[in-house]
Amino acid sequence: MWVLITRLVSCWVDAFPPDTVIVILIPNQSSWLSTFLIMKFVSTRGTLRGLSFEDALMSTGFLRDGGLLLPERIPTISADTLTKWSTLSYPELVTEVVSLYVSEDEIPRVELTGVIERAFRRFRHEDVVPVTKLKDGLHVHELFHGITYAFKDLALSCVGQFMDYFLSKRKKRIIILVVTSGDTGSAALEAVRGSKWIDIIVMLPKDRCSRVQELMMTTVLEDNCHLYRVDGNCDDLDEVMKAVLTDENYCKKHSITTINSVNWARIMVQIAHHIYGYLKVCRSIGETVETVIPTGGCGNLSGATIAMKMGLPIKITTAVNDNDIVARTFRDGDWSANEVKMTISPAMDIQCPYNLERVFYLLSGRDTDLINQLAEEFESSNSKVQLPSNLLTKIHDAFSTFCADESTTVATMKRCWEENGYLLCPHTATAVACHYERLDSRSASSPPRICLATASPAKFTEAVEGAAGLTPQLPDDIKALYTMPTKFEELVKGDNWNKVLRGRIEEITKSYS
């Protein structure tokens with residue numbers, strides 16, 4: 001029997017204007033509606049549509065049209081939903097958020113709950129992502145209580161479990177490629193080390209990670225983990241990785257994917273901590289909260305932007321170091337890359353933040369023509385584009401930005417220690433510097449502000465001690481890294497990095513047969 005539906009489904013496409021009435025004729029209401037509501041994924045450049053979550057999870061992230069994946073619709077969350085979620089633990093909240101993007105047809109709810117629970121078993125804090133309240137209204141959202149002491153553990157622990165779930169069902173093996181500025185590589189290795197179904201190849205930039213970051217990678221000895229230390233910066237390594245990941249036939253032949261933040265699953269999980277942080281600091285549900293994000297490749301920013309699109313009442317501020325491409329883009333529309341500068345916050349030493357494309361897509365109303373135009377211009381004009389005024393206006397409505405140079409970052413670390421006895425890592429300090437800079441303009445009616453702490457200061461002992469003259473307390477497991485055996489290969493300038501990478505991939509594939 002045909003059923004006429006004349007009301008908007010609660011989780012519906014955010015591109016529709018308010019009060020839109022959707023009329024759908026449905027044969028067999030229950031089964032058709034269930035299929036109709038299954039979340040699918042689309043490219044930011046418009047030519048690839050209808051991917052399942054498993055497809056998105058296992059894709060290279062770099063699609064044949066050059067775009068990145070996002071859900072075809074953004075579910076909305078009401079004030080009532082936020083109120084219900086306010087009593088949940090962090091793993092429970094992650095499960096609720098993920099269930100909006102992963103249908104029960106792909107991962108049944110009871111199995112999804114188990115996947116998420118396993119992902120967070122190795123975290124050191126009972127709250128997983130606690131918020132610490134300090135002097136002068138400073139809220140620090142600690143995202144670094146995972147196994148590698150950085151926020152990347154939050155998403156990657158889940159991504160590893162998602163992949164294991166599907167691969168074990170399919171009895172299939174894959175190769176993961178990762179380029180890292182420090183934190184992603186170690187978190188990715190920990191997420192899959194010893195896996196029966198996964199080999200992982202990580203490329204890290206020599207002398208551009210902290211000693212602890214590097215040791216967290218080089219001391220992983222499992223046979224399925226392969227590490228290269230490369231004489232180049234992250235953008236150099238990204239080019240090598242992208243050359244492989246955009247070779248569609250090669251990736252299919254060798255079952256290659258990545259868990260850099262081009263992978264949608266990482267963005268999806270990172271939506272949750274923005275909601276959790278909001279619920280911890282808002283004075284009442286519905287109040288606006290400012291969230292300040294130390295910004296590098298813009299994966300965390302993408303998660304916050306989606307949370308905002310879902311209806312979370314947040315105002316977003318991006319905090320950057322001397323590599324200020326995001327600040328210039330958001331402030332002036334000057335989307336142009338300069339030389340990468342080495343700083344004491346190396347995870348932010350980026351001039352090609354690829355997730356900006358996701359942000360442009362979301363804020364432009366999913367304008368794929370515009371995204372294709374901007375991408376083509378950026379790629380053909382020595383990485384220099386002036387954003388159109390209508391997009392820049394939407395960016396100004398959504399974001400503000402803040403730049404912290406080296407001296408400001410160091411001064412912030414010292415001030416926070418002197419006033420609170422609380423150590424910041426250099427990345428987190430860029431966000432806290434924004435809070436200090438804007439203190440004078442705050443009043444009792446100002447919205448609460450939360451600063452994301454993306455890594456533990458124990459991972460950056462050289463910067464904390466050398467620049468700020470402070471001494472982090474080193475946990476025993478970090479101390480142990482200095483005496484553990486290491487395993488890695490060196491790649492120097494002049495080597496054919498692409499050839500070496502493909503050679504290793506082919507060796508791994510051959511070993512599967």
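Please refer to the structure placed before this passage.
Just so we're clear, the structure is a prediction, and the values are computed from it rather than from any experiment.

Draft legend 1. Structural view of the overall build of the protein chain. What the protein chain contains, in helices and strands, is 21 helices and 17 strands. For a compact globule of 513 residues, the expected C-alpha radius of gyration is about 24 Å, and the protein chain comes in at 22 Å, within 12% of that figure. C-alpha extents for the protein chain along the principal axes are approximately 70 × 65 × 50 Å. Out of the 513 residues in the protein chain, the part that is buried amounts to 59%. Pairs at least 24 residues apart make up 75% of the contacts formed inside the protein chain by residues separated by at least 6 positions. Carbon and sulfur atoms form 49% of the exposed surface of the protein chain, whose accessible area is close to 20,500 Å². Of the side-chain charges in the protein chain, 54 are positive and 64 negative, and the distance between the mean point of each set is 3 Å.

Draft legend 2. Geometry of the environment of Tyr90. Mapped onto the secondary structure, Tyr90 falls in helix H4 (residues 90-99). Judged by relative accessible area, which is 1%, Tyr90 ranks as buried. Considered as a pair, Tyr90 and Glu126 are 36 residues apart in the sequence and their alpha carbons are 9.4 Å apart. In this view, Tyr90 contacts Phe120, Asp127, Val128, Val129, Leu154, Val269, Ala272, His273 and Tyr276; residues no more than four positions away in its chain are not counted.

Draft legend 3. Quick peek at the packing of aromatic side chains. Going through the model one piece at a time under the given rule, you end up with 12 aromatic pairs. Ring geometry for Phe41 and Phe53: centres 6.5 Å apart, planes at 55°, overall tilted. You can see Phe41 sitting in strand S3 (residues 41-43) and its partner Phe53 sitting in helix H2 (residues 53-58), a full 12 residues away along the chain. Neither residue differs from the other here; Phe41 and Phe53 are each classed as buried.

Draft legend 4. Layout of H4. Where H4 is concerned, the buried positions are Tyr90, Leu93, Val94, Thr95, Val97 and Val98. In this structure, the buried side of H4 is in contact with helix H3 (79-85), helix H5 (109-119), helix H6 (152-170) and helix H11 (264-281).

Draft legend 5. Quick peek at the side chain of Ser186. Considering the arrangement of structural elements, one finds Ser186 in helix H7 (residues 183-192). Taking relative accessible area as the criterion, Ser186 reaches 1% and is therefore assigned buried. Those residues within four positions of Ser186 in sequence are excluded, and the remaining contacts are Thr148, Met216, Met217 and Lys459.

Draft legend 6. Looking closely at the environment of Thr295. With respect to the helices, strands and loops of the structure, Thr295 is situated in the loop between strand S11 (289-294) and helix H12 (299-310). Under the relative-accessibility criterion, Thr295 is labelled buried at 4%. Taking the C-alpha atoms as reference, Thr295 lies 31 Å from Tyr165; in sequence the two are 130 residues apart. Those residues in contact with Thr295 that lie beyond four places of it in its chain are Thr318, Ala319, Val320, Val326 and Met348. Polar contacts involving the side chain of Thr295 include one to the main-chain carbonyl oxygen of Ile293, which spans 2.6 Å.

Draft legend 7. Representation of the nonpolar core in the model. Counting 110 residues, the largest nonpolar core has Phe53, Phe162 and Trp264 as its most contacted members. A per-element tally of this core places H11 first, with 12 residues. Beyond its immediate stretch of four places on either side in the chain, Trp264 contacts Phe41, Phe53, Ala56, Leu69, Leu70, Pro71, Tyr101, Ile271, Ile306 and Arg358.

Draft legend 8. Region of interest: the pattern of salt bridges. Tallied over the full model, the rule gives 27 salt bridges. Between Asp199 and Arg173 there is a salt bridge, with its nearest N and O atoms 3.5 Å apart. You can see Asp199 sitting in strand S8 (residues 198-205) and its partner Arg173 sitting in the loop between H6 and strand S7 (174-179), a full 26 residues away along the chain. Owing to a relative accessible area of 7%, Asp199 belongs among the buried residues under this scheme. The class for Arg173 is partly exposed, based on a relative accessible area of 34%. A salt bridge links Arg331 to Asp332, with the nearest nitrogen and oxygen atoms 3.1 Å apart. Its relative accessible area of 39% is what places Arg331 among the partly exposed residues. Ionic contacts of the salt-bridge type, sharing partners, join the residues Arg122, Glu190, Arg193 and Glu222 into one network.

Draft legend 9. Seen up close, the packing of H5 against H6. Look at H5 against H6: their axes get within 8 Å of each other, and the N-to-C directions meet at 135°. In terms of axis orientation, H5 runs oblique to H6. Judged by the twist between their axes, the crossing of H5 over H6 is right-handed. Of the residues in H6, those in contact with Glu111, Leu112, Val115, Ile116, Arg118 and Ala119 of H5 are Ser157, Cys158, Gln161, Phe162 and Tyr165. For the contact of H5 with H6, the residue count by class is seven nonpolar, two polar and two charged.

Draft legend 10. Broad picture of helix H8 (residues 211-218). The buried fraction of H8 is high, at seven of eight residues. Listing the buried residues of H8 in full gives Val212, Gln213, Glu214, Leu215, Met216, Met217 and Thr218. Check the buried side of H8 and you find it contacts H7, S8, strand S9 (225-230) and helix H20 (476-481).

Draft legend 11. Here's a closer look at the packing of H11 against H12. The contact between H11 and H12 brings their axes to 8 Å, and the two run at 60°. Note that H11 runs across H12; the crossing there is right-handed. Residue-level contacts link Trp264, Ile267, Gln270, Ile271, His273 and His274 of H11 to Gly299, Asn300, Ser302, Gly303, Ala304, Ile306, Ala307 and Met310 of H12. For the contact of H11 with H12, the per-class residue count stands at seven nonpolar, seven polar and no charged.

Reading the values: rules and limits
Sequence order as written defines residue numbering, which begins from 1 separately in each chain. Totals for whole chains, interfaces and linings use all residues, but because this is a predicted model, local features are given only for residues with pLDDT of at least 70 and pairs of side-chain atoms are given and counted only at 80 or more. With hydrogens and water set aside, each side-chain value is computed from the structure's full complement of heavy atoms. Runs of H or I in DSSP of at least four residues are treated as helices and runs of E of at least two as strands, each being numbered from the N terminus. Radius of gyration: over C-alpha atoms. The globule rule applied is 2.2 Å multiplied by the number of residues raised to the 0.38 power. For every residue, the accessible area obtained with a 1.4 Å probe (protein chains only) is divided by the maximum for its type, and the residue is called buried under 20%, exposed over 50%, and partly exposed between those limits. Residue contacts are defined here by distance: any two heavy atoms, one from each residue, within 4.5 Å place the two residues in contact. Using a 1.4 Å probe, accessible areas were evaluated by the Shrake-Rupley method; residue-level cover was limited to the displayed protein chains. Only four residue types enter the charge count, namely Lys and Arg as positive and Asp and Glu as negative; His and the chain termini do not. Here the site of a charge means atom NZ of a Lys, CZ of an Arg, CG of an Asp or CD of a Glu. Centres within 6.5 Å make a pair out of two Phe, Tyr or Trp rings, where for Trp the six-membered ring is used; the pair is then stacked when the planes are under 30 degrees apart, edge-to-face when over 60, and tilted otherwise. Whenever a nitrogen or oxygen atom comes within 3.5 Å of another N or O atom, the pair is scored as a polar contact, on the condition that within protein one atom can donate a hydrogen and the other can accept it, and that pairs from neighbouring residues in sequence are kept only if both atoms are in side chains. Only buried residues count toward a nonpolar core. Its members are Ala, Val, Leu, Ile, Met, Phe, Trp, Tyr and Cys residues joined through side-chain atoms within 4.5 Å. Whenever a carboxyl oxygen of Asp or Glu lies within 4 Å of a side-chain nitrogen of Lys or Arg, that contact is scored as a salt bridge. Axes here mean lines fitted to C-alpha atoms, for a helix over just the part in contact, with angles spanning 0 to 180 degrees between N-to-C directions. By the definition adopted for this analysis, an angle is roughly parallel if under 35 degrees, roughly antiparallel if over 145, roughly perpendicular if from 65 to 115, and oblique otherwise. By definition, any crossing whose near helix is turned counterclockwise from its far helix by less than a right angle is left-handed, and any crossing with a clockwise turn is right-handed. Only Asp, Glu, Lys and Arg are considered charged in this grouping, and only Ala, Val, Leu, Ile, Met, Phe, Trp, Tyr, Cys and Pro are considered nonpolar; every other residue, Gly among them, is considered polar.

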